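Working through the structure, step by step
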Amino acid sequence: MTALDAVRLRAEELIAEHLGTGTWTFGFDHAKTRAGQCDFARRRITVSRHLAARFSDDDVEQVLLHEVAHALAGPRAGHGAGWKRTASALGYTGSRLHDGPIASELAPWIGVCPAGHEHFRYRTPTRQLACARCSRRFDSRNVIAWRRRTAADAPTTVSAPTA
Ligand SMILES: [Zn+2]
Ligand SMILES: [Zn+2]
């Protein structure tokens, strides 16, 4: 079973458990900057194929719970108190809510240029990269130093997708 199959299985399990069989469907999308989405019109929860393959099981679980909570709380709840109650009742522990892209939160590689700009990569950086914020052209003075994300970098949360 691939990682994506496992995500799909778990999603369908959660949907059946909390929303009822045959109510909502699950699928993957191609988003790169958010993990999940809850489409109320289509009654469909989707998770980024791109990110799901790179998430830990715990992160996937959190993303799914986040979206199932949206489905339960309804479109008007947004990320307000009603949604939060529902989400935490399901076991969602995300304590920070990000409206922006979440990709950087979970990218396993973190890079910092000499000026302190942060960069994120999903794949192991294989060649020298220079900071594009410091200079648009490659400049070896701005080479980014990479390290792998550790538990200390992402304390307790998986950040919330925007939708
Ligand atoms: Zn820089
Ligand atoms: Zn959300």
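Structure first, text after, so check above.
To start, this report covers the structure provided alongside it. Source: prediction; values computed, not measured.

About the criteria used
Residues numbered from 1 in each chain as written. Chains lettered and ligands numbered in written order. Predicted model: local features only at pLDDT ≥ 70, side-chain atom pairs only at ≥ 80, totals over all residues. Heavy atoms only, no water. Pairing = 2+ DSSP bridges. Helix = DSSP H or I, 4+ residues; strand = E, 2+ residues; numbered from the N terminus. Axes fitted to C-alpha atoms, helices over the stretch in contact; angles between N-to-C directions. Donors = N, O, S within 2.8 Å, 3.2 Å for Na, K, Ca; no water. Tetrahedral: all angles 85-135°; square planar, octahedral: opposite > 155°, others 65-115°. Buried < 20%, exposed > 50% of the residue type's maximum accessible area, 1.4 Å probe, protein only.

**Some remarks on the sheet that holds strand β6 (residues 145-148)**
Within a sheet, adjacent strands bond to each other through the backbone by hydrogen bonds, running parallel or antiparallel. As summarised here, the arrangement of the three strands in space is β5-β4-β6, forming an open sheet in which the pairing is antiparallel. Only two strands of the sheet have a single partner each, and these edge strands are β5 (118-121) and β6. The sheet shows a mean angle of 30 degrees between the axes of neighbouring strands, taken without regard to direction. Where strand β4 (residues 109-112) meets β6, four bridges bridge the pair, whose relative direction is antiparallel. Note that in β6 the partner of Trp109 across the bridge is Arg148.

**Here's the deal with the coordination of the zinc ion (ligand 1)**
At this site the zinc ion (ligand 1) is bound by Cys113 (SG), His117 (ND1), Cys131 (SG) and Cys134 (SG), with donor distances of 2.1 to 2.3 Å. If you look at the zinc ion (ligand 1), its four donor atoms make angles of 102 to 115 degrees with each other, and the shape they trace is tetrahedral. All donors of the zinc ion (ligand 1) come from a single chain, and their spacing in sequence reads C-x3-H-x13-C-x2-C. Neither Cys113 nor His117 differs from the other in exposure class; each is buried.

From the geometry alone we can't say anything about function, so treat these as descriptive.
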